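Chain by chain, the residues:
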Amino acid sequence: MVHHSSAAGSGQAALYLQDTYLTDVVTNVVAAGRDDAGGVWVAVRHSIFHPQGGGQPADRGWLGACEVVPVRHAASGLVVLHARQGGGLDGLAEGDAVHARVDTGLRRLHAALHTAGHLVEAAGRGEGWTLAANNHFPDQARIEFTPPEAGAHLAEVEERDKATDRLRSFVDLAIADDLPVTADHDGEGRRVVRLGDLHAAPCGGTHVRSLAELEHVTIPAVKLKKGRVRVSYSASHRQPR
Ligand SMILES: [Zn+2]
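Only a predicted model underlies this, so the values are computations on that prediction, with no experimental measurement involved.

(A) Inspection of the confidence of the model for the chain at higher detail. Looking at the chain, pLDDT values average 93 and 95% of them are 70 or higher. Below pLDDT 50 for its whole length, residues 1–8 participates in 18 contacts with residues either more than four positions away or in separate chains.

Structure below.
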């Protein structure tokens with residue numbers, strides 16, 4: 001089992017889990033190799049790169065001038081970097097100093113969408129629904145729930161509209177309260193993300209610091225499909241002041 005907080009013994013620290021807003025570091029290579037297809041990968045000591053997973057897309061990032069794609073290496077648990085194209089990482093070896101950075105605007109958008117997803121999940125749980133699936137990708141973000149009795153009470157559009165209004169109110173109130181977003185580890189070593197006392201969920205994604213960082217959180221009318229409630233949503237990150 002791979003823990004999200006670090007890859008034990010690897011010498012790699014998962015800084016993206018500690019600070020969403022750290023997007024530029026000078027660090028060094030702790031491992032390098034080739035995958036089965038012959039492509040070079042490297043792992044860096046201070047990993048600011050979120051790999052795709054948990055419904056969140058990968059960061060866009062660079063090592064020096066080389067655009068990289070972060071991927072979680074299943075065997076080692078390391079977040080490893082592949083060149084998006086060409087041989088831009090060829091020649092890097094363990095110990096080499098490298099300048100690592102990620103696309104700040106995209107990082108903030110992903111964090112906003114992911115955090116808003118937790119908030120929508122909390123709102124849906126408040127309706128008595130059970131989480132079934134989540135997707136925090138830009139332009140396709142949605143949370144799906146299993147409602148009691150396959151959502152029989154939501155067959156009427158009027159009931160769905162009422163439920164949509166309740167979800168929106170729940171979300172708006174939590175944002176107005178500016179609940180803090182924190183992370184800690186439970187007894188089994190899992191990272192748990194919390195929205196104040198409102199919600200807690202195991203998660204290895206990136207999040208905003210508090211809910212007032214969210215803006216333009218919108219929820220179109222909920223849909224009922226094959227016994228699941230689908231709640232689409234969008235969100236953006238407040239511009240830095
Ligand atoms: Zn999360």
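(B) Broad picture of helix α2 (residues 157–176). The end-to-end C-alpha distance of α2 is 28 Å, a good match for the 28 Å that 20 residues give at a rise of 1.5 Å each. Along α2, the residues classified as buried are Ala163, Thr164, Leu167, Val171, Ala174 and Ile175. In a view along the axis of α2, the buried residues occupy a sector of 110°, so they form one face of it. Exposed residues lying more than 90 degrees from the buried face of α2 are Glu158, Leu173 and Ala176. Contacts from the buried residues of α2 go to α1 (104–126), β15 (214–218) and β17 (228–232). Just past α2, the residue aspartate 178 takes up positive phi, approximately 50°.

(C) Region of the structure containing the domain arrangement of the chain. When its domains are assigned, the chain resolves into domain 1 (6–102) and domain 2 (107–237). For domain 1 and domain 2, the distance between their C-alpha centroids amounts to 29 Å. Listed by partner, the interface residues are 18 residues for domain 1 and 19 residues for domain 2. With both chains or domains summed, domain 1 and domain 2 bury close to 1,400 Å², and 51% of this area falls on carbon and sulfur atoms. Contact with domain 2 buries surface across domain 1, with Thr20, Tyr21 and Gln56 losing the most and accounting together for 45% of the total. Scanning the region where domain 1 abuts domain 2 turns up one salt bridge. Of the charged contacts in the structure, one is a salt bridge between arginine 107 and aspartate 59, with a shortest N-O distance of 2.5 Å. Seen at the junction of domain 1 and domain 2, the total is nine residue pairs in polar contact (both at pLDDT 80 or more). Residue classes in the side of domain 1 that touches domain 2 are distributed as nine nonpolar, seven polar and two charged.

(D) Representation of the coordination of the zinc ion. Protein coordination at the zinc ion: the donors are His114 (NE2), His118 (NE2), Cys203 (SG) and His207 (NE2), at 2.0 to 2.2 Å from the metal. The site at the zinc ion holds four donor atoms, and with the angles between them running 90 to 121°, its shape is tetrahedral. All donor residues of the zinc ion come from one chain, and their arrangement in sequence is H-x3-H-x84-C-x3-H. Of this pair, histidine 114 sits in helix α1 while histidine 207 sits in the loop between β14 (199–202) and β15, placing them 93 residues apart in sequence.

(E) Representation of the packing of aromatic side chains within the structure. Applying the stated criterion across every chain yields a total of one aromatic pair. With 5.4 Å between their ring centres and 55° between their planes, tryptophan 129 and phenylalanine 145 make a pair best called tilted. With tryptophan 129 in the loop between α1 and β10 (130–135) and phenylalanine 145 in strand β11 (residues 142–146), the pair connects residues that are 16 residues apart, well separated along the chain. Sitting over the face of the ring of tryptophan 62, arginine 101 holds its NZ or CZ atom 4.5 Å from the ring centroid.

(F) A look at the pattern of salt bridges. Considering all chains together, one arrives at 16 salt bridges under this definition. A salt bridge links arginine 84 to glutamate 67; the shortest N-O distance between them is 2.9 Å. With a gap of 17 residues between them, arginine 84 in the loop between β8 (79–83) and β9 (97–102) and glutamate 67 in strand β7 (residues 66–72) connect regions that are remote in the sequence. Since its relative accessible area comes to 52%, arginine 84 is described here as exposed. With a shortest N-O distance of 3.4 Å, glutamate 213 and arginine 238 are connected by a salt bridge. Taken together, the positions of glutamate 213 in the loop between β14 and β15 and arginine 238 in the segment after β18 (234–237) put the pair 25 residues apart, joining distant regions of the chain.

Quick notes on the rules
- Residues numbered from 1 in each chain as written.
- Predicted model: local features only at pLDDT ≥ 70, side-chain atom pairs only at ≥ 80, totals over all residues.
- Heavy atoms only, no water.
- pLDDT = per-residue confidence, 0-100.
- Contact = heavy atoms within 4.5 Å.
- Helix = DSSP H or I, 4+ residues; strand = E, 2+ residues; numbered from the N terminus.
- Expected span 1.5 Å × (residues − 1).
- Buried < 20%, exposed > 50% of the residue type's maximum accessible area, 1.4 Å probe, protein only.
- Arc of directions from axis to C-beta.
- Domains from an automatic or database assignment.
- Buried area = accessible area lost by both parts, 1.4 Å probe.
- Salt bridge = Lys/Arg side-chain N within 4 Å of Asp/Glu carboxyl O.
- Polar contact = N/O pair within 3.5 Å; in protein donor to acceptor, adjacent residues only side chain to side chain.
- Nonpolar A, V, L, I, M, F, W, Y, C, P; charged D, E, K, R; others polar.
- Donors = N, O, S within 2.8 Å, 3.2 Å for Na, K, Ca; no water.
- Tetrahedral: all angles 85-135°; square planar, octahedral: opposite > 155°, others 65-115°.
- Phe/Tyr/Trp six-rings, centres within 6.5 Å; stacked < 30°, edge-to-face > 60°.
- Lys NZ or Arg CZ within 6 Å of the ring centre and 35° of its normal.

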